[in-house]
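Fold and geometry: a report
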Amino acid sequence: MPMSPKPTCRLVRPESTYQGKQGLSYFAGIAAETVGSSGICMHLLTMPPGARAKAHMHESHETAIYVLSGEVHTWYGDRLEDHIVVKAGDLFYIPAGVPHLPANLSGASSSAVIARTDPNEQESVVLLPELDGLVA
């Protein structure tokens, strides 16, 4: 029976990007796909002015966000009825299964570090097109 390679430390330089189901472009980071992680995913996101994600949720996984620069408006809740502005230096937590929609309404880019308990970055993303029209 072949043995699995022993896990080891890995360096990832966020040089390449990929298009997420949510409609945003992410810098590739720590994920099952890049380093073989089994319990976490972490990547960088820069939202240009006017960028907006599609309404979505992460079915069984929590999300933690640290905003490095700028600010992002986020609507969340079953009908996106709650709203918060997350600014540089803020930490923001999104529980598993909570619908949300982030948008950069400012005139400057916003960057954030995003970590999720899903090691496969896009697998737990569930698009909620029925909620997209609730946010102007």
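This text follows the structure it describes.
Note that this is a predicted model, so its numbers are computed, not measured.

The next thing to look at is the side chain of Thr-74. On the secondary structure map, Thr-74 appears in strand β6 (residues 71–76). If we skip the residues at most four places from it in the chain, Thr-74 touches Asp-82, His-83, Ile-84, Phe-92, His-100, Leu-101 and Pro-102.

Among the secondary structure elements, Asn-104 is positioned in the loop between β9 (100–103) and β10 (110–116). For Asn-104, the side chain forms a polar contact with the side chain of Ser-106, separated by 2.8 Å.

With that out of the way, let us pick up empty space enclosed by the protein. Enumeration according to the criterion identifies one cavity of 30 Å³ or more in this entry. Its volume calculated, the largest cavity comes out at about 250 Å³. Lining the largest cavity are 24 residues, and of these Leu-45, Met-47, Ile-65, Pro-102 and Ile-114 sit closest to its centre. Listed by contribution, the elements that provide at least two residues to the lining of the largest cavity are β3 (41–47), β4 (56–58), β5 (63–69), β6, β8 (91–94), β9 and β10. Along the lines of polarity and charge, the residues of the lining of the largest cavity split into 14 nonpolar, nine polar and one charged.

Okay, the nonpolar core next. Leu-24, Leu-45, Met-47 and Ile-65 are the most contacted members of the largest nonpolar core, which has 14 residues in total. For this core, the elements supplying multiple residues, two or more each, are β3, β5, β8 and β10. Residues in contact with Leu-24, not counting those within four places in the same chain, are Tyr-18, Gln-19, Leu-45, Met-47, Ala-51, Arg-52 and Ala-53. One finds Leu-80, Leu-128, Leu-131 and Val-135 within the second-largest nonpolar core, a separate group that totals nine residues.

A complete count under the given rule lists two aromatic pairs for this structure. On the basis of an interplanar angle of 20 degrees and a centroid distance of 5.6 Å, the ring pair of Tyr-18 and Tyr-26 is categorised as stacked. Owing to a relative accessible area of 24%, Tyr-18 belongs among the partly exposed residues under this scheme. Among the residues examined, Tyr-26 registers a relative accessible area of 3% and is labelled buried. Ring plane angle 65 degrees and centroid distance 6.3 Å describe the contact between Tyr-76 and Phe-92, whose orientation is recorded as edge-to-face. With Tyr-76 in strand β6 and Phe-92 in strand β8, this residue pair connects regions lying 16 residues apart in the sequence.

What follows deals with the sheet that holds β5. Strand pairing within a sheet occurs via backbone hydrogen bonds; the two strands may be parallel or antiparallel. If you trace the six strands from one edge of the open sheet to the other, you get β1-β2-β3-β10-β5-β8, paired in antiparallel fashion. Each edge of the open sheet carries a strand with a single partner, namely β1 (17–19) and β8. Geometrically, the sheet is characterised by an average inter-axis angle of 30 degrees between neighbouring strands, direction not taken into account. Relative to strand β2 (residues 25–30), β1 runs antiparallel, the two sharing three bridges. In the sheet register, Tyr-18 faces β2, and the bridge partner there is Tyr-26.

The rules behind the values
- Residues numbered from 1 in each chain as written.
- Predicted model: local features only at pLDDT ≥ 70, side-chain atom pairs only at ≥ 80, totals over all residues.
- Heavy atoms only, no water.
- Helix = DSSP H or I, 4+ residues; strand = E, 2+ residues; numbered from the N terminus.
- Contact = heavy atoms within 4.5 Å.
- Polar contact = N/O pair within 3.5 Å; in protein donor to acceptor, adjacent residues only side chain to side chain.
- 1 Å grid on protein atoms, 1.4 Å probe; cavity = no way out; pocket = protein on both sides within 12 Å on 5 of 7 lines; lining within 4 Å.
- Points joined across faces, edges and corners; volume = space filled by probe spheres on them.
- Nonpolar A, V, L, I, M, F, W, Y, C, P; charged D, E, K, R; others polar.
- Core = buried A, V, L, I, M, F, W, Y, C linked by side-chain atoms within 4.5 Å.
- Buried < 20%, exposed > 50% of the residue type's maximum accessible area, 1.4 Å probe, protein only.
- Phe/Tyr/Trp six-rings, centres within 6.5 Å; stacked < 30°, edge-to-face > 60°.
- Pairing = 2+ DSSP bridges.
- Axes fitted to C-alpha atoms, helices over the stretch in contact; angles between N-to-C directions.

By themselves, these are just geometric observations and shouldn't be taken as functional.
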